[in-house]
Amino acid sequence: MTMIEGKAIAVRHERIDDAAAGQRIDNYLMRIAKGVPKSHVYRILRSGEVRVNGGRVQQTYRLQEGDEVRIPPIRVAEPTHGAPAPVGKALPVVFEDDALLVIDKPSGKAVHGGSGVSYGVIEQLRAQRPEARMLELAHRLDRETSGLLIVAKKRSALTALHDMMREGSVEKRYLTLVPGRWANPLQHVKAALHKYLTADGERRVRVSEEGKAAHSIVRLVRRWRDYSLLEVELKTGRTHQIRVHLTHLGFPLCGDDKYGDFALNKRLEGEGLRRMFLHAAQLRFVHPLTGVPLEFESALPDDLQTFLDRLDAAEKRHG
């Protein structure tokens, strides 16, 4: 149906397919009626103007496949069309079925557009797969972080994955290099994290009792004279969690341009490390729809492995 600015659209009746099944009715309405204020969406839900299978529903109602949704006339803004995301080079696929897609994201590629980035992984995937009814990020990785990323192809899979992540039943492990000699073979880090904006409007995170609970499990993988390779398992998925937890303990990530040691980063760049050393190396979880256990691993990219090889060579030279 054509959307015209300033005009009310006629009553719509939408049949819910498997791509939308599992989504809350309020989120569904906001997705299909972009430009409509949230307050208006909640008003038409409260008033009963929105009906599912002929009856009123609460805003928390989760849609089921086959539901018929009556949507009253609502005013919508004329959609703005930016430049389409380029199709680009195919992203490395680690796993795919009719519900999920796991890719091995390269460093330097944002997962989605925004904050000065016109497009990211999800926009590129949609451009490469125009026939896909749905492609949504199940979680996020920082732009500089490489490694395993889950994309949902069904709403029911996405909803289940989000529930699993909240419950801590999706195991995510990362590899990172930090300066100094990490001592403990295994260490639990529990420090609440608080998001804030700098004076320049940049998003940052700090350890604060006012923040949300955050839990990381750090394991020592290997140690050199001046560096330590760590595996970090996330029990919660807070923004910049690994970066802020380790910096808080005095071990900033090598190459981290937000929370790191900037003088060290400059020196490391000259030695061949030109980005943050953080890689999403392992994923373990039960398939949200089939119940089959899944496990994926991603080897360190060449640039990070090459830097570790240089550390090995330097260690040999120094005995």
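Residues numbered from 1 in each chain as written. Predicted model: local features only at pLDDT ≥ 70, side-chain atom pairs only at ≥ 80, totals over all residues. Heavy atoms only, no water.

K.L.:
I tried to follow the sheet that holds strand S2 (residues 51–52) on my own but got confused; where do I start?
P.N.:
Sheets are built from strands paired through backbone hydrogen bonds, the pairs being either parallel or antiparallel. With respect to topology, 3 strands assemble into an open sheet ordered S1-S3-S2, the strand pairing being antiparallel. Where the open sheet ends on each side, the last strands, each with one partner, are strand S1 (12–15) and S2. With 2 bridges joining them, S2 and strand S3 (residues 68–71) adopt antiparallel strand pairing. Within the sheet, the bridge partner assigned to valine 52 lies in S3 and is valine 69. (Pairing = 2+ DSSP bridges. Helix = DSSP H or I, 4+ residues; strand = E, 2+ residues; numbered from the N terminus.)

K.L.:
Explain the packing of aromatic side chains to me, please; I cannot follow it from the model alone.
P.N.:
Remark: the centre distance and the inter-plane angle together describe each pair of aromatic rings, the angle taken between the planes. Under the defined criterion, the tally for this structure stands at 4 aromatic pairs. Seen from their ring centres, tyrosine 227 and phenylalanine 307 are 6.4 Å apart, and the 80° between their planes marks the pair as edge-to-face. Of this pair, tyrosine 227 sits in strand S13 (residues 227–234) while phenylalanine 307 sits in helix H7 (residues 302–317), and the two are 80 residues apart along the sequence. For phenylalanine 307, a relative accessible area of 3% translates into the label buried. The ring of tyrosine 259 is capped by arginine 204, whose NZ or CZ atom sits 5.8 Å from the centre of that ring. We note arginine 206 situated over the ring of tyrosine 196; from NZ or CZ to the ring centre the distance is 4.5 Å. (Phe/Tyr/Trp six-rings, centres within 6.5 Å; stacked < 30°, edge-to-face > 60°. Buried < 20%, exposed > 50% of the residue type's maximum accessible area, 1.4 Å probe, protein only. Lys NZ or Arg CZ within 6 Å of the ring centre and 35° of its normal.)

K.L.:
Can you walk me through the packing of helix H1 (residues 25–32) against helix H2 (residues 38–46) in this structure?
P.N.:
Their axes nearest at 10 Å, the elements H1 and H2 cross at an angle of 130°. Here H2 runs oblique to H1, going by the angle between their axes. Classified by chirality, the crossing of H2 by H1 is right-handed. Contact residues: Ile25, Asp26, Leu29 and Met30 in H1; Lys38, Val41, Tyr42 and Leu45 in H2. (Axes fitted to C-alpha atoms, helices over the stretch in contact; angles between N-to-C directions. Parallel < 35°, antiparallel > 145°, perpendicular 65-115°, else oblique. Left-handed = near helix turned anticlockwise from the far one by under 90°. Contact = heavy atoms within 4.5 Å.)

K.L.:
How should I be thinking about the confidence of the model for the protein chain in this particular structure?
P.N.:
Detailed reading of the predicted coordinates is not advisable wherever pLDDT falls low. In the predicted model, the protein chain carries a mean pLDDT of 89, and 91% of its residues have values of at least 70. This model gives residues 1–8 a pLDDT under 50, and the stretch forms 22 contacts once residues within four places in sequence are excluded. (pLDDT = per-residue confidence, 0-100.)

K.L.:
Any chance you could explain the pairing of strand S4 (residues 93–96) here in plain terms?
P.N.:
Moving residue by residue along a regular strand, the side chains alternate between the two faces of the sheet. With 3 bridges joining them, S4 and strand S5 (residues 100–105) adopt antiparallel strand pairing. Note on S5: the bridge partner recorded for valine 93 is isoleucine 103.

K.L.:
Can you walk me through the environment of serine 228 in this structure?
P.N.:
Following the sequence through the fold, serine 228 ends up in strand S13. The class of serine 228 is buried, set by a relative accessible area of 0%. Sequence spacing of serine 228 and threonine 176 is 52 residues, and the spatial spacing of their C-alpha atoms is 8.4 Å. If we ignore the near neighbours within four places in the chain, the residues touching serine 228 are Thr176, Leu177, Val178, Gly180, Arg181, Trp182, Leu220, Arg222 and Arg223.

K.L.:
Even after reading the chapter, I still don't get a positive patch on the surface, so can you show me in this structure?
P.N.:
The grouping of Lys195, Arg203, Lys212 and Arg238 at the surface amounts to a positive patch. Mapped onto the fold, lysine 195 is located in strand S10 (residues 193–197). (Patch = residues over 30% accessible without salt bridge, like charges linked within 9 Å, V, L, I, M, F, W, Y side chains within 5 Å. Areas by Shrake-Rupley, 256 points an atom, 1.4 Å probe, with all protein chains shown as cover. Salt bridge = Lys/Arg side-chain N within 4 Å of Asp/Glu carboxyl O. Lys, Arg positive; Asp, Glu negative; His and termini not counted. Charge placed at Lys NZ, Arg CZ, Asp CG, Glu CD.)

K.L.:
Explain the environment of tyrosine 119 to me, please; I cannot follow it from the model alone.
P.N.:
By the element assignment, tyrosine 119 lies in the loop between S5 and helix H3 (121–128). Residue classification places tyrosine 119 among the partly exposed positions, given a relative accessible area of 30%. With 10 residues separating them along the chain, tyrosine 119 and lysine 109 place their C-alpha atoms 9.1 Å apart.

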